[in-house]
Amino acid sequence: MQSRKDKAEADITTHLKNPYDIVQGLLKDSTTALRLNENVYHLLKQPMRVLEVSIPVRMDDGRIENFTGYRSQHLDILGPTKGGIRFHPDVNADEVKALSIWMSLKSAILNLPFGGGKGGIIVDPDELSERELETLSRTYIEKITPLIGPQKDIPAPDINTSPKVMGWMIDEYDKLRGHNIPGMLTGKPVIIGGSAGRLAATGRGVSITIQEAASVLGMELNGATAALQGFGNVGSMTAEFLHHLGVKITGITNAHGGIYDENGLDIPDIQQFVKKGNVVHTYPDADPLTNEDVFGLPVDIFIPAAVENQITKNTAPAIQAKIVAEAANGPTTPEGDKIMEEKDIFVIPDILCNAGGVTVSYFEWVQNAMNYYWKEDEVNAKLTEKMKEGFQKVLDIRREKQIRMRQAAYTAGIHQITEAFHARGWIEEPYDK
Ligand code: NAD
């Protein structure tokens, strides 16, 4: 039987790994450090609306299975809420709430006219047939339809949701509404109103922040080394951009394992291998690498690009990288973060590092509203400008206040939102005297 002490320790560990607790803790610390009125914390700490839906799907064998889905809308004071939809067995209400708060901060840092939203379904998509997955995607949209729309809440892709899934979802929404509404969702295929450059946007943004961080540290990227955890949309695109910059990527992993080559992996060849339907850890021309070992590789840059709670008190001590670029949302626990601080690692926090996705989603939404589409070069140039501006804003706060990049990013996001609370008359004097 679990002793009282063991139970207390288990509770603390769970608390430290619950992303909702983590983001609330960071909000509390930041609002206190900024000497903001207590009311600001109370306005920020939870989403304004969370919907839980039951999604019945007729499976291929004839039985009905009920899946559970969520949509969380954090704040809409800067614009409609915006954020991805995740298909994963570990999805839960607290995770979706936390992810929606991070989306608010991310958009605020980059000056995008959005609040934060996030959705998810508890499901392992690998266990569903294509028809079952399509039915699940369409029925989820049907269930959340009253809450979404181009001026209300705009979904996008996240873990395990591709442009194809976005295509099914927008098709369902358009059918229900009776006409085409391309701006209701972003990350859709280009042929039905998606933006050029959206698929690669998050990875491109990650690589831009890495270039900025390298220049702060005086690190030459050509010839530098990197390792990645996660080789899905964000991880593989980031790897591609870094490869083109001359970075030698020695290790990559995914949920099933990974590969290592001390001389640098052939990223374009691995991408071709994966595109043909193979899984990364079966790539023949490299050594095997486990998800435990990827943290401790002797590299200059480490990029978590998978799920939450990967850099922990157990994995952080092994990290040798000088830059950690948080491509994933919430990859670091507070304990892991403390260890990175002690090791003086330059952390590019998630709410800045992976903001390229929502930025090009914003461009997609703008193009849908104009019915006029930009060429990819134009999208990429606008993305680069936005990411550099966001990075510089956070860096300036870091330098001025002598705080870490994560705290500086929270400061930037919270400041922007607080101004909006004030402008709308929700709070009188935001700062304590
Ligand atoms: P994806 O589904 O395309 O890829 C996820 C990758 O992570 C896969 O390679 C998977 O095998 C791996 N993975 C999952 N669990 C793992 C584990 N326990 N250990 C190691 N690897 C594991 O998803 P994605 O769109 O690339 O998203 C990755 C991260 O980036 C998520 O945190 C997501 O929220 C964040 N993000 C995505 C976008 C976007 O535009 N897609 C934007 C911003 C942030």
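Up top is the structure these notes are about.
Because the structure is a prediction, the values reported are computed rather than measured.

Visitor: Help me understand the site of the ligand in this model?
Guide: As a structural note, the neighbourhood of the ligand is formed by 22 residues, with Asp158, Asn160, Thr202, Asn233 and Asn329 the closest of them. Here an oxygen atom of the ligand and a backbone polar atom of Asn233 are 2.8 Å apart. Elements represented by at least two residues in the shell around the ligand include exactly helix 7 (198-217) and helix 8 (233-244). Its residues assigned to classes, the shell around the ligand shows nine nonpolar, ten polar and three charged. Residues from two domains meet in the shell around the ligand; each of domain 1 (46-182) and domain 2 (201-353) gives at least three.

Visitor: Quick question: what am I supposed to make of helix 7 here?
Guide: One turn of the α-helix equals 3.6 residues, which is why residues spaced by three or four share an orientation. Helix length check: helix 7 (20 residues) gives 29 Å between terminal C-alpha atoms against 28 Å at 1.5 Å per residue, within 8%. One or two residues past the end of helix 7 sits Gly218, with phi positive at roughly 70 degrees.

Visitor: Got a minute to help me understand the pattern of salt bridges in this structure?
Guide: Opposite charge on two side chains lets them pair, provided their charged atoms get close. According to the stated counting rule, one finds 23 salt bridges in the structure shown. The closest approach of N and O atoms between Asp153 and Arg71, which form a salt bridge, is 2.7 Å. One end of the pair, Asp153, is in strand 5 (residues 153-157); the other, Arg71, is in strand 2 (residues 64-73), and 82 residues separate them in sequence. Assigned by exposure class, Asp153 and Arg71 land together as buried. Note that Arg138 and Glu134 form a salt bridge whose closest N and O atoms lie 2.9 Å from each other. One end of the pair is Arg138 and the other is Glu134, both in helix 5 (residues 130-144) and four residues apart, which spans about a single turn. You can call Arg138 buried: its relative accessible area is 16%.

Visitor: Quick question: what am I supposed to make of unusual backbone geometry here?
Guide: Only a minority of non-glycine residues have a phi that is not negative, and only a minority of peptide bonds are not trans. One non-glycine residue, Asn111, lies in the positive phi region at around 60 degrees. Inspection of the secondary structure puts Asn111 in the loop between helix 4 (93-109) and strand 4 (115-122). Notably, Asp344 is not glycine yet its phi reads approximately 60 degrees, a positive angle. By secondary structure assignment, the location of Asp344 is in the loop between helix 10 (334-342) and strand 12 (346-348). Taking relative accessible area as the criterion, Asp344 reaches 68% and is therefore assigned exposed.

Parameters and conventions
- Residues numbered from 1 in each chain as written.
- Predicted model: local features only at pLDDT ≥ 70, side-chain atom pairs only at ≥ 80, totals over all residues.
- Heavy atoms only, no water.
- Near = heavy atom within 4 Å.
- Polar contact = N/O pair within 3.5 Å; in protein donor to acceptor, adjacent residues only side chain to side chain.
- Helix = DSSP H or I, 4+ residues; strand = E, 2+ residues; numbered from the N terminus.
- Nonpolar A, V, L, I, M, F, W, Y, C, P; charged D, E, K, R; others polar.
- Domains from an automatic or database assignment.
- Expected span 1.5 Å × (residues − 1).
- Salt bridge = Lys/Arg side-chain N within 4 Å of Asp/Glu carboxyl O.
- Buried < 20%, exposed > 50% of the residue type's maximum accessible area, 1.4 Å probe, protein only.

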